[in-house]
Amino acid sequence: MKPVKNVMVCVTQQKTCERLIRRGAELRDTYEGQLFVIHVAQEGWNFLGKSKEGDALEYLFEKSKAYGANLTVLRSHDVLAALKEQVEKNNIDIIVMGEAGGNHERTSIISNLGKRLHKDIIFDIVPAKLKKKVV
């Protein structure tokens, strides 16, 4: 019998959230746990990088619902502390995040969050979409 593992998907941008949630749903189904989608916006920032927050939140809600995920959207001065709190509250075993684009901000978030957690958390990093080569 496989151990049950809960999965948390961290979303930051509307255009990438569906592929991250899909990956989280695959892991949830594999480990028969629960799926949690979380977005933590820094205080004062727009949700998901859009000025039309209502549209962005509705999109995120619909995608989460389609995959049977529990959705949490928060504002916080300390994003890492908010993520840590959700990991502990929901007994998370696997965290799904998207691969960083051209910078190392995502790697830094993973490293810094990993240092704050008291148990072994698996980070599942979803690669950015591959661009077609122009010949």
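The rules behind these values
- Residues numbered from 1 in each chain as written.
- Predicted model: local features only at pLDDT ≥ 70, side-chain atom pairs only at ≥ 80, totals over all residues.
- Heavy atoms only, no water.
- Helix = DSSP H or I, 4+ residues; strand = E, 2+ residues; numbered from the N terminus.
- Buried < 20%, exposed > 50% of the residue type's maximum accessible area, 1.4 Å probe, protein only.
- Contact = heavy atoms within 4.5 Å.
- Areas by Shrake-Rupley, 256 points an atom, 1.4 Å probe, with all protein chains shown as cover.
- Pairing = 2+ DSSP bridges.
- Axes fitted to C-alpha atoms, helices over the stretch in contact; angles between N-to-C directions.
- Arc of directions from axis to C-beta.
- Polar contact = N/O pair within 3.5 Å; in protein donor to acceptor, adjacent residues only side chain to side chain.
- pLDDT = per-residue confidence, 0-100.

**Q** How should the overall build of the protein chain be read in this particular structure?
**A** For the protein chain, the count of helices and strands is four helices and five strands. When the helices and strands of the protein chain are placed in sequence order, the string is β-α-β-α-β-α-β-α-β. The buried share of the protein chain, taken over its 135 residues, is 39%. Residue pairs in contact within the protein chain that sit at least 24 positions apart in sequence constitute 75% of those at least 6 positions apart. Working note: accessible area of the protein chain is about 8,300 Å², and carbon and sulfur atoms make up 50% of it.

**Q** Whenever I open this one, the sheet that holds strand E1 (residues 6-10) confuses me. Can you help?
**A** Through backbone hydrogen bonds, the strands of a sheet pair up, either in parallel or in antiparallel fashion. Taken in spatial order, the five strands line up as E3-E2-E1-E4-E5 in an open sheet, and their pairing is parallel. The open sheet is flanked by strand E3 (70-76) and strand E5 (122-126), the only strands paired with a single partner. In this sheet, adjacent strand axes meet at a mean angle of 25 degrees when their direction is disregarded. Summarising the sheet, strand E4 (residues 92-98) and E5 pair through five bridges and their orientation is parallel. Across the sheet, residue Val96 finds its bridge partner in E5, namely Asp124. On the sheet, helix H3 (residues 79-89) packs against E1, strand E2 (35-42), E3 and E4 and is oriented at approximately 160 degrees with respect to E2.

**Q** In this structure, what is going on with H3? I would like to understand it.
**A** Turn by turn, an α-helix covers 3.6 residues, leaving residues three or four places apart pointing in a common direction. If you check which residues of H3 are buried, you get Leu80, Ala82, Leu83, Gln86 and Val87. Each buried residue of H3 lies within a common arc of 160 degrees when the element is viewed along its axis, so the set occupies one face. In H3, those exposed residues whose orientation departs by more than 90 degrees from the buried face are Glu85 and Lys89. Its side-chain oxygen 3.3 Å from the backbone nitrogen of Leu80, Asp78 forms the N-cap of H3. Two residues or fewer past H3, Asn91 is found with a positive phi of approximately 50 degrees.

**Q** How should I be thinking about the confidence of the model for the protein chain in this particular structure?
**A** As a general rule, the predicted coordinates of low-pLDDT regions are not to be interpreted in detail. Predicted confidence across the protein chain gives a mean pLDDT of 84, with 79% of residues reaching 70 or more. When mean pLDDT is taken per element in the protein chain, E1 scores highest with 97 and helix H4 (residues 105-116) scores lowest with 78.

**Q** Got a minute to help me understand the environment of Asp124 in this structure?
**A** Tracing the backbone through its elements, the reader meets Asp124 in strand E5. Look at Asp124 and you get buried, because its relative accessible area is 16%. On a C-alpha basis, the gap between Asp124 and Val9 in space is 9.3 Å, while along the polypeptide they are 115 residues apart. Not counting the four nearest positions on each side in its chain, Asp124 is found in contact with Arg23, Leu27, Ile94, Ile95, Val96 and Met97. In terms of polar contacts, Asp124 uses its side chain to reach the side chain of Arg23, at 2.9 Å.

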